[in-house]
Amino acid sequence: MQFLYFVFLSLFLFGSHDDMPATARSTESLTSSSDQNGPGPLPYQVVISEIMADPEPGILLPEAEFLELYNRTELPVDLTGWRLLVGSRQKILSSYILPGKAYVILCDTSDVSSYASLGAVLGVAGMPALSNPGQTLVLKSPSGMIIHTVTYSDKWYKSSSKSEGGWSLEIIDTENPCGGEGNWSESTDPRGGSPGSANSVRAVNRDNRSPLALRAYPYSSSDVRLKFNESMDSASVSNASEYTVGQGVLHPFAVVPEPPDYSSVLLHFSSGWKNDVIYNLVTGGGLRDCAGNAIDKNNVIGFALPERVDSFDIVISEVLFDRSPGTDEFIELYNRSSKVLDLSSLSLAIADPGDYKYRHILSLSSCKVLIFPGTWLAMTPDDSWLPPETRNLWEKSVIEVPDMFSLPDEQAVITILDKNNRPVDQLAYSNRMHASFITHTEGVSLERILLSGITNDPDNWYSAAGVPYFSTPGYRNSQMISEAAQSEYFRVEPGIFSPDDDGIEDQVFLYYALDDAGYLANIAVFDANGRKIRTLASSMLTGTEGTIIWDGDRDDGQIADRGIYIVYAEFYHAKGQIHYDRKLVTIVRKR
């Protein structure tokens, strides 16, 4: 019965196993032919290489939508009967042979004459309109095999002026077909695009990073959906032996990769899950992404059957409502209960502070994400603004909610609602809750100080520290005060260091742990004669805890001589508190 169930589910989801592509192959290993005569085309043999979704106002190109296809191989490919899916609409391509290493423009048959002078054109009768904000495009062979897919967005434009129309999106490296946003850019061709010819932004831009298993969610008492952070090789993720639960005892009896990009799989187990038990799903090292990069071995992802959310189980922990260029708004939640909770059982509401009447309620039912005890989870309309260097911090604890409502810059009321629309927590925020000395609040979040404190107490909120990014989406607040008493508030480790780049004690770490949010810090290094050689912080807004690193350099960029130095730290607060201390550090030379 389990086998029949797996076959039925696979056919229901995909139509056939021909939908499952293998890892993106180099052009040297790809061969070409049609489905009807001999072996069929291979995944990524032909890729969608350019998208003009918003051609108006035109620059120097026709004001008509187009897609461009590129044959990565040396051999011709017969596109007869291929399927183009634009969102939910499908069109069958007419007879056409795409030569090796060649491009073809796809457009509506009524626009063929407009593009004929620019390159090879294949008309599509009744070609579906391309959504300006973005959508999923899928290219399939006649048998239904997915050859290439891309989910584009107008947020991929780095230039706000180009995003207003007339400029295409171009793939950067055709050898990285699953690169997503990081492998696409707006055209730099002065015409507004490069249909029918090599892309203006072409460059080597390979994917060399390992994929990451982000989260698992139990869809039934014995099934789990595992979500990855990028497109995966469906052949590798179909291997049931790569997944174990319960100290390696349980393996799924079936694995179903989910199209079109295979960034998630459904795992079907024969044993049921028990309430009040957190299970660990361990992935093996044989899982690979579309580019062939292997996942880190023994990646552990927790999951459990979620429990009911009660009042104040989840609280609002941080909010960025006044975005700056290069950032986006977000709302962060914290699970302060001992239960595993389900984000999809909640809704978010926004109201005016005058009447507290909900202006908009957003159901989070599509956000199948578990929130574990003592963890943070942030929601943002677009996570592309988050710094790449903090990827390991935010990728598992920040989720995109594209239809999330906009947060007013001045003031509003945010409410978390349970599945019966009863309030779980509520925050009435205002820009007046920011630190008084911060004149420009754009890009600065408000952080909760005490997790056990009252949400609507203005004194329980403070501006996020400037180190590192004026916000901490998805992880511990910079201004949070631990419930436990603080011990020594300033220390230096190690006391002796050698800044000679040998990888051993090349830096000194200055740790601080303060008794309140909102301190400003002055930290400087003096030599044995009392001369200041390095300023490490000047009126810097700190968090309640943090670390500052000294590399042994002076303000002039040179490395300080060996000897004894004094690190002077001063922390002062608008309420009048002042803490200051001096620590000795010694620079030695090992060679």
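Residues numbered from 1 in each chain as written. Predicted model: local features only at pLDDT ≥ 70, side-chain atom pairs only at ≥ 80, totals over all residues. Heavy atoms only, no water.

*Asks:* Give a detailed account of the overall build of the protein, specifying residues and quantitative values.
*Replies:* A tally of helices and strands in the protein yields four helices and 39 strands. Here the protein, with 591 residues, has 52% of them falling under the buried criterion. The long-range fraction of contacts in the protein, counting pairs at least 24 apart against all pairs at least 6 apart in sequence, stands at 62%. With an accessible surface of roughly 25,700 Å², the protein has 51% of that area assigned to carbon and sulfur atoms. (Helix = DSSP H or I, 4+ residues; strand = E, 2+ residues; numbered from the N terminus. Buried < 20%, exposed > 50% of the residue type's maximum accessible area, 1.4 Å probe, protein only. Contact = heavy atoms within 4.5 Å. Areas by Shrake-Rupley, 256 points an atom, 1.4 Å probe, with all protein chains shown as cover.)

*Asks:* Outline the sheet that holds strand β27 (residues 398–400), supporting the account with residue identities and numerical values.
*Replies:* Sheet architecture is open: six strands sit in the order β27-β26-β21-β20-β30-β31, paired in mixed fashion. Both edges of this open sheet fall to β27 and β31 (461–463), since each of them pairs with a single strand only. With direction set aside, neighbouring strand axes in the sheet form an average angle of 30°. Bridge count for strand β20 (residues 314–320) against strand β30 (residues 446–448) is two bridges, and the pairing is antiparallel. (Pairing = 2+ DSSP bridges. Axes fitted to C-alpha atoms, helices over the stretch in contact; angles between N-to-C directions.)

*Asks:* An account of the packing of aromatic side chains is requested, with residue identities and associated values reported.
*Replies:* Under the defined criterion, the tally for this structure stands at 16 aromatic pairs. Geometrically, the ring pair formed by Tyr217 and Tyr219 is edge-to-face, given 5.1 Å between the ring centres and 70° between the ring planes. A network of ring pairs unites the aromatic residues Phe269, Trp273, Tyr279 and Phe303 as a single cluster. Here the basic side chain of Lys162 rests over the ring of Trp167, its NZ or CZ set 4.2 Å away from the ring centre. Above the plane of the ring of Tyr511 lies Arg491, whose end atom (NZ or CZ) is 4.4 Å from the centre. (Phe/Tyr/Trp six-rings, centres within 6.5 Å; stacked < 30°, edge-to-face > 60°. Lys NZ or Arg CZ within 6 Å of the ring centre and 35° of its normal.)

*Asks:* Mind laying out the pattern of salt bridges, listing which residues take part and the relevant values?
*Replies:* Per the counting criterion, the structure on display carries 19 salt bridges. In this structure, the salt-bridge partner of Arg206 is Asp173, at a minimum N-O distance of 2.5 Å. On the criterion of sequence distance, the pair formed by Arg206 in the loop between β12 (184–186) and β13 (213–218) and Asp173 in the loop between β11 (169–171) and β12 is long-range, its members being 33 residues apart. Judged by relative accessible area, which is 43%, Arg206 ranks as partly exposed. We note a salt bridge from Asp310 to Arg308, for which the minimum N-O separation is 3.0 Å. (Salt bridge = Lys/Arg side-chain N within 4 Å of Asp/Glu carboxyl O.)

*Asks:* So what's going on with the environment of Ser436? Residues and values would help.
*Replies:* If you trace the backbone, Ser436 turns up in the loop between β29 (423–430) and β30. Separated by 27 residues in sequence, Ser436 and Ser463 have C-alpha atoms that sit 9.5 Å apart.

*Asks:* Explain the pairing of strand β26 (residues 376–380) residue by residue, including any values.
*Replies:* The element β26 is largely enclosed, with a buried count of five among its five residues. Examined bridge by bridge, strand β21 (residues 330–335) and β26 share four bridges and lie antiparallel to one another. In the strand pairing of β26, Leu333 is matched with Leu377. Across three bridges, β26 lies against β27 in parallel orientation. Along β27, the bridge assignment pairs Met379 with Ile399.

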